[in-house]
Amino acid sequence: MSTLLDIQDLSVEYDRHRVLDGVSLAVRTGEILGIIGETGSGKTTLARAVAGLAPVHGGRIAFDGTDLTALRGRARRAWRRTGALQYVFQDPLRALDPQHTVGTIVGEGLAVAGRQRPAEIATRVSDALTRVGLDPALAARRPGEISGGQRQRVLLARALAVEPRLLLCDEPVSALDASNRNHVLRLLAGLRDTAGVTVVVISHDLSSLAGIADRVAVLYGGRLAEHGPIGDVLAAPRHPYTALLVASAPSVRRERAVPAARLRGTGPGYDGGCNYSARCPFATAACATAPALSTVDGDRAVACHHALADLEFTS
Ligand SMILES: Nc1ncnc2c1ncn2[C@@H]1O[C@H](COP(=O)(O)OP(=O)(O)OP(=O)(O)O)[C@@H](O)[C@H]1O
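As annotated in an unreviewed UniProt entry, the chain carries the name ABC transporter domain-containing protein and comes from Dactylosporangium darangshiense. The heading Sequence similarities (unreviewed entry) in the UniProt record of the chain holds the text "Belongs to the ABC transporter superfamily."

On to the site of the ligand. Contacts to the ligand come from Tyr-14, Val-19, Gly-37, Thr-39, Gly-40, Ser-41, Gly-42, Lys-43, Thr-44, Thr-45 and His-204. When residues of the shell around the ligand are assigned to their parent elements, the largest contribution, three residues, is made by helix 1 (residues 43–50). Here the residues of the shell around the ligand sort into two nonpolar, eight polar and one charged.

Further remarks concern unusual backbone geometry. Positive phi outside glycine occurs at Glu-163, with the angle close to 50°. Structurally, Glu-163 can be placed in the loop between helix 6 (148–161) and strand 7 (166–170). Its identity is not glycine, yet Asp-297 carries a phi of approximately 50°, on the positive side. Summarising the element assignment, Asp-297 is placed in the loop between strand 11 (294–296) and strand 12 (300–302).

The subject of this paragraph is the packing of helix 5 (residues 118–131) against helix 6. Between helix 5 and helix 6, the least distance of the axes is 8 Å, while the angle of their chain directions is 130°. By the angle class used here, helix 5 and helix 6 are oblique. Relative to helix 6, helix 5 is oriented so that their crossing is right-handed. Listed contacts from helix 6 to Arg-124, Val-125, Ala-128, Leu-129 and Arg-131 of helix 5 are Ala-157, Leu-160 and Ala-161. Looking at the contact of helix 5 with helix 6 residue by residue, the classes come out as six nonpolar, no polar and two charged.

Parameters and conventions
Residues numbered from 1 in each chain as written. Predicted model: local features only at pLDDT ≥ 70, side-chain atom pairs only at ≥ 80, totals over all residues. UniProt positions renumbered as here; feature names shortened; annotations may be inferred. Near = placed C-beta within 6 Å. Helix = DSSP H or I, 4+ residues; strand = E, 2+ residues; numbered from the N terminus. Nonpolar A, V, L, I, M, F, W, Y, C, P; charged D, E, K, R; others polar. Axes fitted to C-alpha atoms, helices over the stretch in contact; angles between N-to-C directions. Parallel < 35°, antiparallel > 145°, perpendicular 65-115°, else oblique. Left-handed = near helix turned anticlockwise from the far one by under 90°. Contact = placed C-beta atoms within 7 Å.

Set out below in structure tokens:
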């Protein structure tokens, strides 16, 4: 499978405070990649950096071979107008202009591209609303006149209207009830399966990702702890933090996961060593040096000096 998005050694700083540190990650064409991590781990920052909305301090983000971090001025605007990459924001209420109708909002990207006549835009808006399971008649309403679940779908419809190649969805289901959550997750899986759209889904909830993601990347304190095929990662997490996440998610938990009670210590730090070591039950003197992300089992990678073997989980 080819790589659509290639992130190399990405760092982001806000006011000299580093919130992403040397993240390298490839998103393959046609897959759903889940990004998981606790609050403040840098998930949104990673997505915003890819969308050109966060201050990249170092590294490279390439989309189908084009280095997005090098685009400036006209080239950058032209790239944005293609709509190839769409970022679906976390908070629908804040992301949707309350003054505009749903139809205007969903048609925005098409109008920006400047290639569509009003009648064509109206048809594409109707199609996009239908695709996300909404009645096209909602186009006449404003964001304040529809439900939270419907607003989340409007955000998705807006992104889909421009037929993106890559969809970055930031916590697309966290504010939804179970039935809306399942609908949106099925919708994302359907986009991958029938339209070949590549999807990155950010979540702090492993069980939401378990049913739809092909691979998962685990962020901790702005660094990548582990990534790999989701089934393998859930069955045998290699990083102690991933093991903790799996142990804390009842619906995906396996017998051998490290008990959640072994969580300890304070949050992440950047003292030069492994930023998980203060919380890690397996930490040793070796962890005073930050571990590099190393390939294990062919298709997986883990940043841990003590990358766990399956048997070590029984404790
Ligand atoms: N605009 C900003 N200015 C300064 N610091 C920021 C800004 N945006 C995010 N941060 C900081 O960057 C870190 C990572 O934030 P981010 O929103 O990426 O985390 P997250 O994993 O998406 O969290 P959540 O699950 O709560 O959305 C946090 O410490 C946050 O306070």
